[in-house]
Amino acid sequence: MAFENLSTRIQTALSGLRRKGKITQDDVNEATREIRLALLEADVNFKVVKDFVSAVKTRALGQEVMGSLTPGQQIIKIVDEELTKMMGETAVGLNKSPHIPTIIMMVGLQGTGKTTTAGKLANHLMKTEHARPLLIAADIYRPAAVDQLKVIGEQLSVPVYDEGTSATAETIVTNGLQVAEQNKNDYVIIDTAGRLEIDEQLMTELKNVKQIAHPDNILLVIDAMTGQVATQVAEGFDQSLDVTGVVLTKLDGDTRGGAALSIRAVTGKPIIFTGKGEKLTDLDNFYPDRMANRILG
Ligand code: GDP
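So, here's what we can say about the structure. (Residues numbered from 1 in each chain as written. Predicted model: local features only at pLDDT ≥ 70, side-chain atom pairs only at ≥ 80, totals over all residues. Heavy atoms only, no water.)

A few words now on the nonpolar core. Counting residues in each nonpolar core, the largest one holds 73 residues, and the members touching the most others are Phe-237 and Leu-261. Apart from the residues within four sequence positions on either side, Phe-237 is in contact with Val-107, Gly-108, Leu-109, Ile-198, Leu-202, Met-203, Leu-206, Leu-220, Asp-242 and Val-243. Ranked by size, the runner-up nonpolar core spans 24 residues in total, among them Leu-125, Ile-152, Val-221 and Leu-280. (Core = buried A, V, L, I, M, F, W, Y, C linked by side-chain atoms within 4.5 Å. Buried < 20%, exposed > 50% of the residue type's maximum accessible area, 1.4 Å probe, protein only. Contact = heavy atoms within 4.5 Å.)

So, in structure tokens, the structure goes:
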């Protein structure tokens, strides 16, 4: 389960407070010290942890009055609310274009799950909106990425526009968008190239594709298992492309939770979806409050 250790440690830190009738400054200090360590061990960004602890302390010691809750329960509620805030407060959906198609550009490092997520998203849109998406295969560098997307398209009965790997990404996207217009697809999902790390050539290509496609959404696909590295990658992509949101993949294998907890606060960009497995149905909307509740158990 994601956040396993973090969850246990925060729950332990708070359990002593739960039934207390009166809470001292020392109690608050001790609980926040434990939570701080747990968050740092979960690989949450240092600054994010600092702001969180300071907000919890200020509120807990400021004697907020919350109806019938005991002081211990009040602190738990404060921690819950501040964790939710850290992850962005409310759920954020996709930007919709006023006219079809709504264009979604997937970006991210190689191996993060970009191609799989493009398929998951197509499936999600068909299930929730009866959408008729078109996938565009513009990852021309990773061997087999185009074929992988075509296989996914077949599994979902979703058309995939591709020109193999010899045309440029810019040409493929230009032509793919024309096909979407002709066929009146309501969504276009563009799978783009990734690299093992951010480089200038990749960013130039992605900027060109952005300029051609005018995407309503640029979704940065991030591997949750890479923890704080993920937040650095997010900052890098965001600086060049101004992404609109994040898809956090491999949450099923992420026992720490650092990326999920840091990305919003570090980049200011919302997590829109999470991936929890390799299957094309393994995609969920992201709800900060539900995630905070899960951590607090
Ligand atoms: P790309 O290089 O970014 O296009 O990455 P791929 O879509 O090829 O995915 C890389 C690997 O990660 C594949 O084996 C996927 O099945 C796997 N993968 C993608 N998303 C998830 C996820 O949410 N959970 C798990 N466990 N595996 C995932």
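Alright, that's what it looks like, and here's the rest.
Taken together, 18 residues lie near the ligand, and Gly-111, Thr-115, Thr-116, Asp-252 and Glu-278 sit nearest. Note that an oxygen atom of the ligand is positioned 2.7 Å from one of the backbone N or O atoms of Lys-114. Protein chains bury 82% of the 580 Å² of accessible surface belonging to the ligand in isolation. Here the shell around the ligand takes four residues from helix α5 (residues 114-129), the largest share from any one element. In terms of residue class, the shell around the ligand is built from one nonpolar, ten polar and seven charged. (Near = heavy atom within 4 Å. Polar contact = N/O pair within 3.5 Å; in protein donor to acceptor, adjacent residues only side chain to side chain. Areas by Shrake-Rupley, 256 points an atom, 1.4 Å probe, with all protein chains shown as cover. Helix = DSSP H or I, 4+ residues; strand = E, 2+ residues; numbered from the N terminus. Nonpolar A, V, L, I, M, F, W, Y, C, P; charged D, E, K, R; others polar.)

Along any regular strand, the residues point their side chains to alternate faces of the sheet. Summarising burial for strand β7 (residues 271-275): five of the five residues are buried, a large majority. Two elements, strand β6 (residues 245-249) and β7, share three bridges in a ladder whose sense is parallel. In the strand pairing of β7, Val-246 is matched with Ile-271. Note on the crossover from β6 through helix α10 (residues 258-267) to β7: the handedness is right-handed. Of the pairings in the sheet, the one linking β7 to strand β8 (residues 283-285) comprises three bridges and is antiparallel in character. The residue bridging Phe-273 from the neighbouring strand is Asn-285, located in β8. (Pairing = 2+ DSSP bridges. Right-handed = clockwise from strand over helix to strand, strands pointing away.)

Below, the discussion takes up helix α7 (residues 169-183). With 15 residues, α7 extends 21 Å between its outermost C-alpha atoms, agreeing within 8% with the 21 Å of an ideal straight helix rising 1.5 Å per residue. Of all the residues in α7, the buried ones are Ala-169, Ile-172, Val-173, Gly-176, Leu-177 and Ala-180. Axial view of α7: buried residues confined to an arc of 130°, hence all on one face. With respect to the buried face of α7, the exposed residues turned more than 90 degrees away are Glu-181 and Gln-182. Among the structural elements, β1 (102-107), β2 (133-138), β3 (160-161), β4 (187-192) and α8 (200-213) are those in contact with the buried residues of α7. With its phi angle positive at about 55°, Lys-184 sits one or two positions after the end of α7. (Expected span 1.5 Å × (residues − 1). Arc of directions from axis to C-beta.)

This part takes up the packing of aromatic side chains. Tallied over the full model, the rule gives zero aromatic pairs. Taking NZ or CZ as reference, Arg-195 lies 5.0 Å from the ring centre of Tyr-141, over its face. For the cation-ring pair, Arg-290 lies above Tyr-287, with the distance from its terminal atom to the ring centre recorded as 3.8 Å. (Phe/Tyr/Trp six-rings, centres within 6.5 Å; stacked < 30°, edge-to-face > 60°. Lys NZ or Arg CZ within 6 Å of the ring centre and 35° of its normal.)

What follows deals with the sheet that holds strand β5 (residues 217-223). Strand pairs in the sheet, formed through backbone hydrogen bonds, run parallel or antiparallel to each other. Judged by pairing direction, the sheet is mixed, and its eight strands sit side by side in the order β3-β2-β4-β1-β5-β6-β7-β8 without closing on themselves. Whereas interior strands pair on both sides, the edge strands pair on one side only; in this sheet they are β3 and β8. Pairing of β2 with β4, which is carried by six bridges, proceeds in the parallel orientation. Residue pairing in the sheet places Ala-138 in a bridge with Thr-192 of β4. Together, β2, β3 and β4 form the strand contacts of helix α6 (residues 145-156), whose direction differs from that of β2 by roughly 165°. The strands that helix α9 (residues 227-241) touches are β1 and β5; relative to β5, the one it contacts most, it runs at about 160°. (Axes fitted to C-alpha atoms, helices over the stretch in contact; angles between N-to-C directions.)

This part takes up the side chain of Asn-45. Structurally, the position occupied by Asn-45 is in the loop between α2 (25-41) and α3 (46-61). Residue classification places Asn-45 among the buried residues on the basis of a relative accessible area of 17%. Polar contacts involving the side chain of Asn-45 include one to the main-chain amide nitrogen of Lys-47, which spans 2.9 Å. Leave out the neighbours within four places in its chain, and Asn-45 touches Gln-228, Ser-262 and Val-266.

Of all the six residues making up β4, six are buried; the element is thus mostly covered by neighbouring parts of the structure. Of the strand pairs in this sheet, β1 and β4 are connected by five bridges, and their pairing is parallel. Of the residues in β4, the one forming a bridge with Met-106 is Asp-191.

This paragraph deals with unusual backbone geometry. In this model, Ile-100 is joined to Pro-101 through a cis peptide bond whose omega is -5°. Structurally, the position occupied by Pro-101 is in the loop between α4 (71-86) and β1. With phi around 50°, Asp-242 is a residue other than glycine that occupies positive phi space. Relative to the elements of secondary structure, Asp-242 occurs in the loop between α9 and β6. In the Ramachandran plot, Lys-250 falls in the positive-phi region, its phi being about 60° despite a non-glycine side chain. Residue classification places Lys-250 among the partly exposed residues on the basis of a relative accessible area of 30%.

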